[in-house]
Amino acid sequence: MSRFIEVPARMLPGETLTALLETFVTRQGYDTTDTQSGMQGWVTDLTQQLERGDLIIAHDLELEMTEVMTLEQWRRFGRDLADDEEEGDY
């Protein structure tokens, strides 16, 4: 069984999805003052990116944590994890 699963955005309650996207905005350091709609503008944009498949929601079954990631972050994370497993760090 894989430790990580992708969670379809449509499976999450609206409040949960919004909270995950707001955390992503904060973690990425986006400037919420550069749009007239502030944080909500970013959440709307990120929701569209999720719908296009540019972002994913990944859940770590072991740590019971859920994160929003870009596809590049997901790919890099997978490579880093594989490297750790090969070295016995995991």
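Here the structure is shown first, and the text comes after it.
Residues numbered from 1 in each chain as written. Predicted model: local features only at pLDDT ≥ 70, side-chain atom pairs only at ≥ 80, totals over all residues. Heavy atoms only, no water.

> Got a minute to help me understand the packing of aromatic side chains in this structure?
In this description, a pair of aromatic rings is defined by centroid distance and the angle of the planes. A complete count under the given rule lists one aromatic pair for this structure. Ring geometry for Phe4 and Trp74: centres 6.2 Å apart, planes at 80 degrees, overall edge-to-face. One end of the pair, Phe4, is in strand S1 (residues 4–6); the other, Trp74, is in helix H3 (residues 71–87), with 70 residues separating them in the sequence. According to the relative accessible area criterion, Trp74 is partly exposed, its value standing at 28%. (Phe/Tyr/Trp six-rings, centres within 6.5 Å; stacked < 30°, edge-to-face > 60°. Helix = DSSP H or I, 4+ residues; strand = E, 2+ residues; numbered from the N terminus. Buried < 20%, exposed > 50% of the residue type's maximum accessible area, 1.4 Å probe, protein only.)

> Even after reading the chapter, I still don't get the sheet that holds S1, so can you show me in this structure?
Across a sheet, paired strands are connected by hydrogen bonds in the backbone, their directions being either parallel or antiparallel. Strands sit in the order S1-S2-S3 across an open sheet of three strands; the sheet is antiparallel. The open sheet has two edge strands, S1 and strand S3 (65–70), and neither has a second partner. With strand direction ignored, the average angle separating the axes of adjacent strands in the sheet is 30 degrees. Of the pairings in the sheet, the one linking strand S2 (residues 55–60) to S3 comprises six bridges and is antiparallel in character. Within S3, the residue paired with Ile57 across the bridge is Val68. Contacts between helix H1 (residues 14–28) and the sheet are confined to S2 and S3, with S3 contributing the most and set at about 60 degrees to the helix. (Pairing = 2+ DSSP bridges. Axes fitted to C-alpha atoms, helices over the stretch in contact; angles between N-to-C directions. Contact = heavy atoms within 4.5 Å.)

> Could you clarify how one ought to interpret H1 in this entry?
Spacing of three or four residues puts side chains on the same side of an α-helix, whose turn is 3.6 residues. Spanning 15 residues, H1 covers 21 Å between terminal C-alpha atoms, matching the ideal 21 Å at 1.5 Å per step. If you check which residues of H1 are buried, you get Leu17, Leu20, Leu21, Phe24 and Val25. For H1, the buried positions fall inside an angular range of 140 degrees around the axis, keeping them on one side. More than 90 degrees from the buried face of H1, the exposed residues found are Glu15 and Thr26. (Expected span 1.5 Å × (residues − 1). Arc of directions from axis to C-beta.)

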